[in-house]
Structure formats: structure tokens, C-alpha cells
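# Secondary and tertiary structure notes
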Amino acid sequence: MIEFQDVHKSFGPKRVLRGVNLTVPKGESMVIIGGSGTGKSVALKCVLGLIHPDAGTILVDGKDATQGDRDAFLARFGMLFQGGALFDSLTVWQNVAFRLLRGSLKRPKAEAREIAIEKLRRVGLTPDVADLFPSELSGGMQKRVGLARAIAAEPEIIFFDEPTTGLDPIMSGVINDLIREIVVEMGATAMTITHDMTSVRAIADKVAMLHDGVIQWTGPVGEMDNSGDPYLTQFISGSAEGPIEAVR
Amino acid sequence: MILTAPLAALGRQTMAFMALIGRVAIFAFQGLTHIFRPPFYGREFLVALLNIGWLSLPVVGLTAFFTGGALALQIYDGGARFSAEAVVPQIVAIGMVRELGPVLVGLMIAARVTSSIAAEIATMKVTEQIDALTTLSTHPMKYLTAPRLLAALIVVPLLVGIGDIIGIFGGFIVGIQQLGFNPATYIVNTVNFLQFTDILSSLVKGMVFGGIAATMGCYFGMNSGRGAQGVGAATKGSVQAAAVLILAANFMLTSLFFAS
């Protein structure tokens, strides 16, 4: 379970998170929605320690995320980055097996490669891509490789940062379905940030809307359309009229 | 108010500059400590050795060769004004080994290696690859900085040594082909004139310049701004800082070795 307790974060004069309170129950898929620049990625990165909150606490299974053995903590997580964030200098299989080739989860090279190829298969890629470099792949394939890397070490918690950005609608659908299947299959706790409502409906058990640095609304995905919350309603409908200021 | 504003601006700039020096010093210290603490990334170290050392050989060799040749011509011409043409081998040797070899190799490394390290790491930062490293339980300082820094500390002194030899060789070729020196005499004069301190200072300078070049590349890369502009600014800043620091360090090391 992941708990945000009154988390604040500013960048210079810009107050991005102004007291975020949110609970992501174990084994559930939480999707955080919100406009661009509302701090969704910041919230995610705060959990992983990539950004340090100015105030507030983030608990993972009741323990402060900033305390304890960092390697053991991070070994529980997998993350799919918005642009894939694949390492250019490594081949596809070396990217997928990155964690299995070094550190506490190190395996023999042949075994790591085998696991990488199996994970690539799981995300719909054939073994012949294993020895290619990321620059030789299309955007959709890079996302799949990123997904394979995120799940390679069987993490308990998986984060997805804008998983469908830059993809065509069909590829977006494929990635959404894959994410849903993998999360259910692995029984993992998932946190996804997106502003793609198709992704929300495909991936989420629960939805939280971040606006003005706080969680404006949270609830099951089924209640999202009839929430009565003006911010959420405007966001779902994509209307320029409403409490969320739209700059034309 | 109008009178104090320029002073305040100067103060702010000075404070910012001092803070930058402090941050770079802490970064360099952390980079050095990570060299000695496991885990060690052998593959990254070997790749860095190849990139910084082996692939820099052509540019270092050509630079040293032409500089050695030009130096021989200049010394011959200048020496002729007071009938001291015969000192060409000695002055080429001392000039290359003590100053030109290390400085030119250092500047070439700053141009070729610092820029490449900064651009690569900055691009990794912009595309979230550095964040990805962290989430994959890999410390970016350990994985990116330590192998490059160690490789530079080892291989740049070697490059300087090779540059010194090629520079002297450039002077030798010009000396015997164009200036009429006897080859055997030229070599004997060169070898007899050089002292251990000359060679030691050259190699120490190489190590310090290598450390500066790698540290600047990694620091500016890791602290790059966003987008293509951020990568460009990081690359430019790293080369500028490395070049200036190399020249400043050269002055200090020369003072240390030879001022007495």
C-alpha cells in the first residue's frame, strides 16, 4: 500500500504539490489524472526518491519511503517511463535484463537473457528484436521494451508514466490492454499517470484527479462519470468551460 | 540604490560562482570516492578507456606532431638571432614535455572527450535515462561518473606521454629534414637534456587534466537543463570550464614543480 500524507513540493516560486493525500491499496490499479503540469509525474517521482518532497510523508506498506535500505526498496518497484528511457548504448535484451545483470538481483548472463526474451514475448515482441538497439525500434516497440524492463524483475509495485503518449490509438489500446493484463496477472500494485481517458478506463480500478496541487477527487473508475465533481466532469468531457482554467 | 545595484549584481554573481565551485568540488569528491566503493562496472570502465584513450590517439598524435615541428622551426629561427640554433633538440624536448604536451593533450581531451561525455549524459538526463538508472537500483554516479573518471585518470597521462614522444618526434623530423641536424646528435641531446622531474610533471599534469576533463563532462551532463537547448548549454559549459580549469591547473602545477 502506498500512502501520500500531506505531501508538498515546490520548484522555486511554483508550488506544484500543495498537500497531496492519497492511498493506493495493495494490489489495486490507481490512475492519477490531471492536466499537463499539475504535478502528476512529480508525485510519482517523490515515491521513488527521484524528487524529494519539501514536506509530508510517503509510506510504502507503512514504512517511510525515505528510510531504510534504498536498494531493497527500489527492487520492489518497476517503472515505465513516458519516453521509454531505454539505454541507447545497450541492446534491447540488455535493457530488459538490466537489473538482472547487476546488483542484488544479479543472475548468470544466459539466464538473464532468457528471462529478458520471455518478458519480451510477454509484451508481444519476438526474440529477434533482442539484439537490436533501442534506436532501431519504433515508438510502440520502445514502449513495449520499456514495459518488459519494468516487469523483468517481477516487482510488487509498477509505475506507468504516460504509457500511451505519442502512440497511435490502436497501439495505445494494445499497451493499455497489456498493462491491465500484466498488473492483474502479477497481482501488482499499479500507479499510472495519464491524461488519456481511454487509458483510464482500460487500466484503472480507482481514479484520482490532481488539480492545483491537491487531489480534487478520488474514487472507483465506475463512479467517475457520475461523480458530480465539476473539475472531474470538465476534465472527462474535455470542455474549455468550467472551473479548470483553459488558456486559449 | 542606483549606485549599489551593480555591486549587488556583482555580489550575486560572485556568490553563484563560489556556490558552483563548491558543487563541482563535492561532485568531484563523490566521483572519486565511488571509484573505490563497490559495485564496480567493468564494462563501462573498458568502454570509457576505449573512448577516452584509444580513440583520442589520432587527434592527440597529429596535434603533438605538428606542434613539435612548428616548435623546432620557431626555436631555430629565434635562436639564430643570438647564434643559438643548436639548442633546438633541448628546447623542443623541454617545451613539449613540460608544457605543450600536457596542455595540448588536455585541451584536445576537453574538446573531444568532455564534450562527448557532457552531451551523452545530458541527453540521458533529458530522456529520463538517469532516473531510469536510479529506479533500476543503479547509482548514476557509480555507473556513469566513476568509470569515466577512473579511465581518464589512467589513460590521459598515457596519452600525454605518447603526445610528448610524438611531439619530440615532430621536432626531430623537421630538425633533420629541414634544419640540417644530425639525427644521432639530435636524439642524444634530447635524451640527455630531459630530467626525471620533467617527465614526472608531464604525467602528473596529464592525470590532473584527465580528472578535470571527465569531471566537467559528467558534472555538466548530470546538471543539464531541459531539451536540446539544455544539452547544448551543458556541452558548451563543460568544454569552457574544462579548458579554463586545465590552463589554471597547468599554471599551478608548473609553479609547484618548477618555480623553485
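In what follows, the accompanying structure is described. Think of each chain on its own: its residues are numbered from 1, step by step along the sequence as written. Both sets of labels track the order of writing: A upward for chains, 1 upward for ligands. Where local features are concerned, this predicted model is filtered to residues with pLDDT of at least 70; where side-chain atom pairs are given and counted, the filter is 80 or more; whole-chain, interface and lining totals use all residues. Derived side-chain values reflect all non-hydrogen atoms in the structure, with water molecules and hydrogen atoms excluded from consideration.

## Observations concerning the overall build of chain B
Check the secondary structure of chain B and you find nine helices and zero strands. The helix and strand sequence of chain B, counted from the amino end, reads α-α-α-α-α-α-α-α-α. When the backbone C-alpha atoms are referred to their principal axes, chain B occupies close to 65 × 55 × 35 Å. When each of the 260 residues of chain B is scored for burial, the buried share is 47%. To qualify as a helix, a DSSP run of H or I must reach at least 4 residues; to qualify as a strand, a run of E must reach at least 2; elements of each kind are numbered from the N terminus. Using a 1.4 Å probe on the protein chains alone, a residue whose accessible area is under 20% of its type maximum counts as buried, one over 50% counts as exposed, and one in between counts as partly exposed.

## A closer look at helix 4 (residues 88-126) of chain B
For an α-helix the count is 3.6 residues per turn, leaving residues at separations of three or four pointing the same way. When the local axis directions of helix 4 of chain B are compared, the greatest deviation, roughly 55°, occurs at Met96(B). Directly beyond the C-terminal end of helix 4 of chain B, a positive phi value near 65° is found at Glu128(B). The term bend refers to the angle at a residue between two fitted axes, each drawn through seven residues, those ending there and those starting there.

## Things to note about the sheet that holds strand 3 (residues 29-33) of chain A
All names here are of chain A. Any two strands between which DSSP finds at least two bridges are classified as paired. Taking strand neighbours across the sheet as the criterion, the six strands line up as 6-7-8-3-9-10 in an open arrangement whose pairing is mixed. A single partner strand is all that each edge strand has here, and the edge strands are strand 6 (77-80) and strand 10 (214-220). Looking at each pair of strands side by side, their axes are set apart by 15° on average, direction ignored. Strand direction decides the pairing type here: strand 6 and strand 7 (residues 157-161), joined by four bridges, are parallel. Bridge pairing links Met79 to Phe159 in strand 7. By definition in these notes, contact holds between two residues if any of their heavy atoms fall within 4.5 Å. Structural elements are reduced to axes, namely lines fitted to C-alpha atoms, with helices fitted over the stretch in contact, and the angle between N-to-C directions of any two is expressed from 0 to 180 degrees. Packing against the sheet, helix 6 (residues 169-186) makes contact with strand 3, strand 7 and strand 8 (189-194), and its axis sits at approximately 170° to strand 7. In the packing of helix 8 (residues 230-237) onto the sheet, the strands contacted are strand 3, strand 9 (206-211) and strand 10, and the crossing angle to strand 9 comes to about 100°.

## Considerations on the nonpolar core
Put simply, a nonpolar core is a bunch of buried Ala, Val, Leu, Ile, Met, Phe, Trp, Tyr and Cys residues held in one set by side-chain atoms that sit within 4.5 Å of each other. Core analysis: the largest hydrophobic core is formed by 86 residues, its most contacted members being Ile2(A), Phe4(A), Leu17(A), Leu22(A), Phe159(A) and Met191(A). Counting residues per element, this core draws most heavily on helix 6 (residues 140-177) of chain B, which supplies twelve residues. Setting aside residues no more than four positions away along its own chain, Ile2(A) makes contact with Leu22(A), Thr23(A), Val24(A), Val47(A), Ile58(A), Leu59(A), Ile157(A), Phe159(A) and Met191(A). In terms of nonpolar packing, the next biggest core, distinct from the first, is built from 48 residues, Ala152(A), Ile182(A), Ala188(A) and Trp217(A) among them.

## As for the packing of aromatic side chains
Pairing of aromatic side chains here covers Phe, Tyr and the six-membered ring of Trp, requires ring centres within 6.5 Å, and sorts the geometry by plane angle: under 30 degrees stacked, over 60 edge-to-face, intermediate tilted. Tallying each qualifying case throughout the model produces 14 aromatic pairs over all chains. Where Tyr219(B) meets Phe220(B), the ring centres are 5.6 Å apart and the plane angle is 85°; that geometry is what we call edge-to-face. Phe220(B) matches Tyr219(B) in its accessibility class, with the two residues each being buried. A ring is scored as having a charge over it whenever the NZ atom of a lysine or the CZ atom of an arginine sits within 6 Å of its centre and within 35 degrees of its normal. The side chain of Lys9(A) reaches across the aromatic face of Phe11(A), ending 5.2 Å from its centre. The ring of Phe258(B) carries the charged tip of Arg98(B) above its face, separated from the ring centre by 3.8 Å.

## Let's talk about a nonpolar patch on the surface
Here a patch means residues that are over 30% exposed by relative accessible area and free of salt bridges, tied together within 9 Å if like-charged and within 5 Å if nonpolar (Val, Leu, Ile, Met, Phe, Trp, Tyr). With residues, only the protein chains shown are counted as cover, and all accessible areas are computed by Shrake-Rupley using a 1.4 Å probe. What makes a salt bridge here is a side-chain nitrogen of Lys or Arg within 4 Å of a carboxyl oxygen of Asp or Glu, nothing more. Nonpolar side chains collect at one region of the surface, where Phe17(B), Met18(B) and Ile21(B) lie side by side and expose about 320 Å² of accessible area between them. With respect to the helices, strands and loops of the structure, Ile21(B) is situated in helix 1 (residues 4-36).

## What about the environment of Gly42(B)?
By secondary structure assignment, the location of Gly42(B) is in helix 2 (residues 42-52). Linking Gly42(B) and Pro147(B), residues 105 residues apart in sequence, is a C-alpha distance of 7.8 Å.

## Describing the side chain of Arg148(B)
Residues and elements named next belong to chain B. Structurally, the position occupied by Arg148 is in helix 6. What qualifies as a polar contact is a pair of N or O atoms within 3.5 Å, subject to a donor-acceptor requirement within protein and to the restriction that residues adjacent in sequence count only when both atoms come from side chains. Polar side-chain contacts of Arg148 include one of 3.3 Å to the side chain of Glu120. Setting aside its immediate chain neighbours within four residues, Arg148 contacts Ala48, Ile52, Ile117, Glu120, Ile121, Tyr143, Ala214 and Cys218.

## Considering the packing of helix 6 of chain B against helix 7 (residues 183-193) of chain B
Residue and element names in this part refer to chain B. Axis separation between helix 6 and helix 7 bottoms out at 10 Å; the angle between their running directions is 145°. The two elements helix 6 and helix 7 cross, and the hand of that crossing is right-handed. Residues Ile168, Gly171, Phe172, Gly175 and Ile176 of helix 6 lie in contact with helix 7, whose contacting residues are Pro183, Tyr186, Ile187 and Thr190. Three categories are distinguished: nonpolar for Ala, Val, Leu, Ile, Met, Phe, Trp, Tyr, Cys and Pro, charged for Asp, Glu, Lys and Arg, and polar for the others, with Gly belonging to the last. Considered class by class, the residues forming the contact of helix 6 with helix 7 number six nonpolar, three polar and no charged. Crossing handedness is read from the near helix: turned anticlockwise from the far helix by less than a right angle, it gives a left-handed crossing, and turned clockwise, a right-handed one.

## Some remarks on the sheet that holds strand 2 (residues 14-24) of chain A
Residue and element names in this part refer to chain A. Spatial ordering of the open sheet is given by 2-1-4-5, a layout of four strands whose pairing is antiparallel. The open sheet has two edge strands with one neighbour each: strand 2 and strand 5 (63-64). Here strand 1 (residues 2-11) runs beside strand 2; their pairing, made up of eight bridges, is antiparallel. When the bridges of strand 2 are listed, His8 appears paired with Arg18. In the packing of helix 1 (residues 40-48) onto the sheet, the strands contacted are strand 1, strand 2 and strand 4 (55-60), and the crossing angle to strand 1 comes to about 115°.

## Quick look at the interface of chain A and chain B
With 22 residues of chain A at the interface, the matching set in chain B holds 15 residues. Buried area is understood as the total, over both parts, of accessible area removed when two parts are fitted together, assessed with a 1.4 Å probe. Of the roughly 1,600 Å² buried where chain A meets chain B, counting both sides, 58% is carbon and sulfur surface. At the boundary of chain A and chain B, one finds two salt bridges. A salt bridge links Asp131(B) to Lys45(A); its shortest N-O distance comes to 3.2 Å. Sorting the residues of the side of chain A that touches chain B by element identifies helix 1 and helix 2 (70-74) of chain A as the ones contributing at least two each. Of all the elements, helix 2 of chain A adds the most residues to the side of chain A that touches chain B, at three residues. Across the side of chain A that touches chain B, the residue classes tally to eleven nonpolar, three polar and eight charged.

## Considering helix 1 of chain B
All names here are of chain B. Multiplying one less than the number of residues by 1.5 Å gives the expected span of a helix. For helix 1, spanning 33 residues, the distance from its first C-alpha to its last is 49 Å, which sits close to the expected 48 Å at 1.5 Å a residue. Taken together, the buried positions of helix 1 are occupied by Val24, Phe27, Gly31, His34 and Ile35. Buried-residue contacts for helix 1 involve helix 6 and helix 8 (196-222).

## Topic: unusual backbone geometry
Residue and element names in this part refer to chain B. Residues Pro38 and Pro39 are joined by a peptide bond in cis, for which omega reads 0°. Among the structural elements, Pro39 can be located in the loop between helix 1 and helix 2. Residues other than glycine seldom take positive phi values, yet Ser83 does so here, at roughly 50°. What makes Ser83 exposed here is its relative accessible area of 65%.

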